[in-house]
Amino acid sequence: MARSATVERNTLETQISVTINLDGTGKSRFDTGVPFLEHMMDQIARHGLIDLDITCKGDNHIDDHHSVEDIGITLGQAFAKAVGDKKGIVRYGHSYVPLDEALSRVVIDFSGRPGLDMKVEFTRASIGKLDTQLFWEFFQGFVNHAGVTLHIDNLKGFNAHHQAETIFKAFGRALRMALELDPRMEGVMPSTKGCL
């Protein structure tokens, strides 16, 4: 069965469409009005081998907050829909990713319980025009609607671009590991409770 989904979310602030294929090849297409976020989401697609097609028309004339947060929300909804009942998935994923002086670790659990622990001290308040505080908003929106527990730690780094890129690359690789179908767990819920 195809693990794909399309979700649309329309508010007075943003109009968003997200299409994902969890068993893709890493193809991506973005039209969001937030160029640096698009660069980061491309890392999710490429390193997670997840096809992403995301469009957003937002109130960027105010700032990027609503667009970034709502993209995270809608992406989380799409993941929840595409993953389905979670039978047969590995469930847990983790990755360390370096980029020159920067190193980040991301650990994820498709637990059904939303939770975000993000320890990142960005060395700059913005990267290009994007406020670095908005990365927390993106991931908070994602975990709340994907129903995952997510730990993000930037362990070292002084270049803010490198800090962000290692986080998103590690996130993509952790997703890839967690969503892998384990042939030994085919049709089995990866929990002793019998549900997630």
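Each remark here, short or long, concerns the structure printed above.
Keep in mind the model is a prediction, meaning the values are calculated, not measured.

Caption draft 1: Up close: the sheet that holds strand 10 (residues 149-156). The 4 strands lie next to each other as 5-6-10-7, forming an open sheet whose pairing is mixed. For this open sheet the edge positions go to strand 5 (92-99) and strand 7 (115-119), each flanked by a neighbour on one side alone. Neighbour-to-neighbour, the strand axes of this sheet turn through a mean angle of 10°, independent of strand direction. Two strands pair when backbone bridges link them, and strand 5 and strand 6 (residues 102-109) are joined in this way by 8 bridges, in the antiparallel orientation. Bridged to Val-97 within strand 6 is Ser-104. Here helix 3 (residues 134-146) sits on the sheet and contacts strand 7 and strand 10; the angle it forms with strand 7, its principal contact strand, is near 160°.

Caption draft 2: Summary view of the pairing of strand 10. Bridge count between strand 6 and strand 10: 7 bridges; the pairing is antiparallel. Opposite Asp-109, over in strand 10, you have Thr-149 as the bridge partner. Summarising the sheet, strand 7 and strand 10 pair through 5 bridges and their orientation is parallel. By the bridge assignment for strand 10, Met-118 is matched with Ile-152.

Conventions adopted
Residues numbered from 1 in each chain as written. Predicted model: local features only at pLDDT ≥ 70, side-chain atom pairs only at ≥ 80, totals over all residues. Heavy atoms only, no water. Pairing = 2+ DSSP bridges. Helix = DSSP H or I, 4+ residues; strand = E, 2+ residues; numbered from the N terminus. Axes fitted to C-alpha atoms, helices over the stretch in contact; angles between N-to-C directions. Contact = heavy atoms within 4.5 Å.

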